[in-house]
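Analysis of the macromolecular model
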Amino acid sequence: MKRSTKIQLALLNNLVWVMVAVFFLLNAVFTPSFLSSRNLLNILFQSATLGLMVLGQGIVMMVGELDLSMEATLAFAPGLAILLGKAVGLPAFVCILVTLIIGTAVGFFNGFCLVKLKTNSFLLTMSTQIVMRGLVLFLVPFSLAKLDPVYTFLGRGKIGPLQVAVLALVIIYAAFEFLFRKTTVGRRFLLTGGNRSAAFISGIRTERVVIYAFILAGLLSAVAGLITAGRQNAVSNNMGSGLVMMAFAGAILGGCSFNGGMGKPIGMLGGTLLLGMLDNALTLNGVDVNLVSATKGALIFLAILLDHLRYRLTAWIMHRENIRRLMRSVEVEKDPAGTRTEGGQLN
């Protein structure tokens with residue numbers, strides 16, 4: 001493959017980091033106090049919850065599915081865990097474990113029902129989302145405040161000047177980046193999303209992979225719930241509302257596709273940071289809250305356009321590369337002695 005083709009494909013696959021760099025430089029020049037260390041740490045801290053949601057949604061999109069229930073899981077898992085803890089008298093670290101188990105169970109339920117019922121993931125997870133949000137509103141009519149410091153450590157704790165939530169975000173993304181780039185287990189997710197039939201024929205248990213993707217999404221949603229509950233020192237029934245759409249945007253901006261078979265965690269992190277910087281820049285510039293919502297909606301639309309454009313450009317570049325290789329093979333057949341170069345010049 002030509003070097004120029006490799007560069008073009010690399011830019012398409014890492015377009016989000018180009019956008020992050022440009023947006024960062026623009027805000028460094030035009031947005032007051034944007035470059036302060038306090039504000040940069042605040043961007044990372046405020047992006048921790050969304051980052052986990054983007055990662056979970058991206059993993060599900062890798063296998064060619066969608067999960068609308070993640071934002072409800074974010075509230076349902078910690079809400080139910082705290083209620084159980086208060087009813088039975090569970091210690092805080094057990095409540096943390098219960099929170100993670102609930103999130104995992106929700107993900108398993110979604111994945112299992114999807115592969116066994118052969119239904120549409122959008123409709124299935126939408127119903128799960130509505131059920132869980134209704135249960136949260138019923139079980140937690142008022143906020144569950146004054147949580148145990150152990151339970152809130154992930155969202156409120158600090159190690160020096162750095163919040164624990166930021167460290168957790170970096171560690172989790174690093175672990176998943178290693179998983180998807182260096183292990184065969186991670187590659188199975190992309191293969192399943194790229195062509196499920198071919199992946200199954202090649203020996204991959206595609207149904208298990210889909211279930212694992214939803215389990216990871218549910219688990220990451222529960223961790224996001226721990227961070228959110230810790231940050232506000234309470235569990236409220238509206239936690240996570242509206243986050244699933246931003247998770248879609250972050251995942252698509254980070255290189256995932258509705259067609260499946262695409263995406264990597266490092267790109268999803270870039271999508272998260274871009275959304276976090278956008279929200280922060282609008283706030284620092286005093287933009288009206290309604291315009292902030294409109295801007296986020298426009299960004300989701302932009303993400304959809306980028307997904308379409310990236311798919312079309314990648315297909316065009318690969319088509320051009322295949323034609324080039326075909327023409328080269330034809331020239332070699334005409335000149336088997338190799339007396340001419342690819343450009344037709346004598347050696």
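To start, this report covers the structure provided alongside it. (Residues numbered from 1 in each chain as written. Predicted model: local features only at pLDDT ≥ 70, side-chain atom pairs only at ≥ 80, totals over all residues. Heavy atoms only, no water.)

**Quick notes on the overall build of the protein chain**
Secondary structure summary: the protein chain contains 14 helices and four strands in total. Projected onto the principal axes, the alpha-carbon positions of the protein chain cover approximately 85 × 55 × 35 Å. Considering the protein chain as a whole, with its 347 residues, one finds that 46% of them fall into the buried category. Contacts in the protein chain between residues at least 24 apart in sequence constitute 77% of all its contacts with a sequence separation of at least 6. Carbon and sulfur atoms make up 68% of the accessible area of the protein chain, which amounts to about 17500 Å² in all. Of the charged side chains in the protein chain, 29 are positive and 14 negative, and the gap between their average positions amounts to 5 Å. (Helix = DSSP H or I, 4+ residues; strand = E, 2+ residues; numbered from the N terminus. Buried < 20%, exposed > 50% of the residue type's maximum accessible area, 1.4 Å probe, protein only. Contact = heavy atoms within 4.5 Å. Areas by Shrake-Rupley, 256 points an atom, 1.4 Å probe, with all protein chains shown as cover. Lys, Arg positive; Asp, Glu negative; His and termini not counted. Charge placed at Lys NZ, Arg CZ, Asp CG, Glu CD.)

**Structural notes on helix 12 (residues 243–253)**
Among the 11 residues of helix 12, nine are classified as buried, and the element is accordingly described as predominantly covered. Looking only at helix 12, the buried set comprises V244, M246, A247, F248, A249, G250, A251, I252 and L253. G255 lies just past helix 12 and shows a positive phi near 115°.

**Let's talk about a nonpolar patch on the surface**
Together, I7, L11, V18, V22, L26, V29 and F30 give the surface a local cluster of nonpolar side chains, amounting to about 680 Å² of exposed area. Counting only elements with at least two residues in the nonpolar patch, the list comes to helix 1 (3–13) and helix 2 (15–30). The element contributing the most residues to the nonpolar patch is helix 2, with five residues. In this structure, L26 sits in helix 2. (Patch = residues over 30% accessible without salt bridge, like charges linked within 9 Å, V, L, I, M, F, W, Y side chains within 5 Å. Salt bridge = Lys/Arg side-chain N within 4 Å of Asp/Glu carboxyl O.)

**Here we look at the nonpolar core**
By size, the foremost hydrophobic cluster in this structure holds 90 residues, and its most contacted members are L52, L55, I59, Y151, F176, F189 and L253. At 15 residues, the largest contribution of residues to this core is made by helix 11 (residues 206–232). Not counting residues up to four positions away in its chain, the partners in contact with Y151 are P78, A81, I82, A92, C95, I96, T99, L226 and A229. (Core = buried A, V, L, I, M, F, W, Y, C linked by side-chain atoms within 4.5 Å.)

**A short note on the pattern of salt bridges**
Scanning all chains against the criterion turns up four salt bridges. For E207, the salt bridge goes to K116, with nearest N and O atoms at 3.9 Å. Within this pair, whereas E207 is found in helix 11, its partner K116 is found in helix 5 (residues 92–117), the two being separated by 91 residues in sequence. In this structure, the salt-bridge partner of K118 is E207, at a minimum N-O distance of 2.7 Å.

**Re the packing of aromatic side chains**
Enumeration over the complete set of coordinates arrives at five aromatic pairs. Taking 5.6 Å as the distance between ring centres and 25° as the angle between the ring planes, the aromatic pair formed by F108 and F112 counts as stacked. Of this pair, F108 and F112 are both found in helix 5, four residues apart, which corresponds to roughly one turn of the helix. Arranged with centres 5.3 Å apart and planes meeting at 75°, the rings of F180 and F189 form a pair that is edge-to-face. On the accessibility criterion, F189 (4% relative accessible area) is buried. Members of the aromatic cluster, each reached through a chain of ring pairs, are F176, F180 and F189. (Phe/Tyr/Trp six-rings, centres within 6.5 Å; stacked < 30°, edge-to-face > 60°.)

**Digging into helix 6 (residues 121–139)**
The terminal C-alpha atoms of helix 6 lie 26 Å apart, and with 19 residues this matches the ideal 27 Å at 1.5 Å per residue to within 8%. All of the buried residues in helix 6 are S121, L124, T125, T128, Q129, M132, R133 and V136. Down the axis of helix 6, the buried set is contained in an arc of 155°. They therefore lie on one face. Projecting away from the buried face of helix 6 at angles above 90 degrees are the exposed residues I130, V131 and F138. One side-chain oxygen of the residue at the start of helix 6 lies 2.8 Å from the amide nitrogen of F122, identifying that residue as N120. (Expected span 1.5 Å × (residues − 1). Arc of directions from axis to C-beta. Polar contact = N/O pair within 3.5 Å; in protein donor to acceptor, adjacent residues only side chain to side chain.)

**Things to note about the environment of Q8**
Topologically, Q8 is positioned in helix 1. Given a relative accessible area of 29%, Q8 falls into the partly exposed group. As a C-alpha pair, Q8 and T73 span 65 residues in sequence and 39 Å in three-dimensional space. Residue contacts for Q8: discarding those within four places in its chain leaves I317 and R320.

**Points about the environment of G85**
Assignment of secondary structure puts G85 in helix 4 (residues 70–88). Residue classification places G85 among the buried residues on the basis of a relative accessible area of 6%. Considering only alpha carbons, one finds G85 and V98, 13 residues apart in sequence, at a separation of 8.9 Å. In contact with G85, other than residues within four places in its own chain, are L90 and C95.

**Some details on the packing of helix 2 against helix 13 (residues 265–284)**
At a minimum axis distance of 9 Å, the contact between helix 2 and helix 13 shows a crossing angle of 25°. Classified by the angle between their axes, helix 2 and helix 13 sit roughly parallel to one another. For the pair helix 2 and helix 13, the sense of crossing is left-handed. Note on element contacts: helix 13 touches helix 2 through I266, G267, L269, G270, G271, L273, L274, M277, L278 and A281, opposite V16, W17, M19, V20, F23, F24 and N27. When its residues are assigned to classes, the contact of helix 2 with helix 13 shows 13 nonpolar, four polar and no charged. (Axes fitted to C-alpha atoms, helices over the stretch in contact; angles between N-to-C directions. Parallel < 35°, antiparallel > 145°, perpendicular 65-115°, else oblique. Left-handed = near helix turned anticlockwise from the far one by under 90°. Nonpolar A, V, L, I, M, F, W, Y, C, P; charged D, E, K, R; others polar.)

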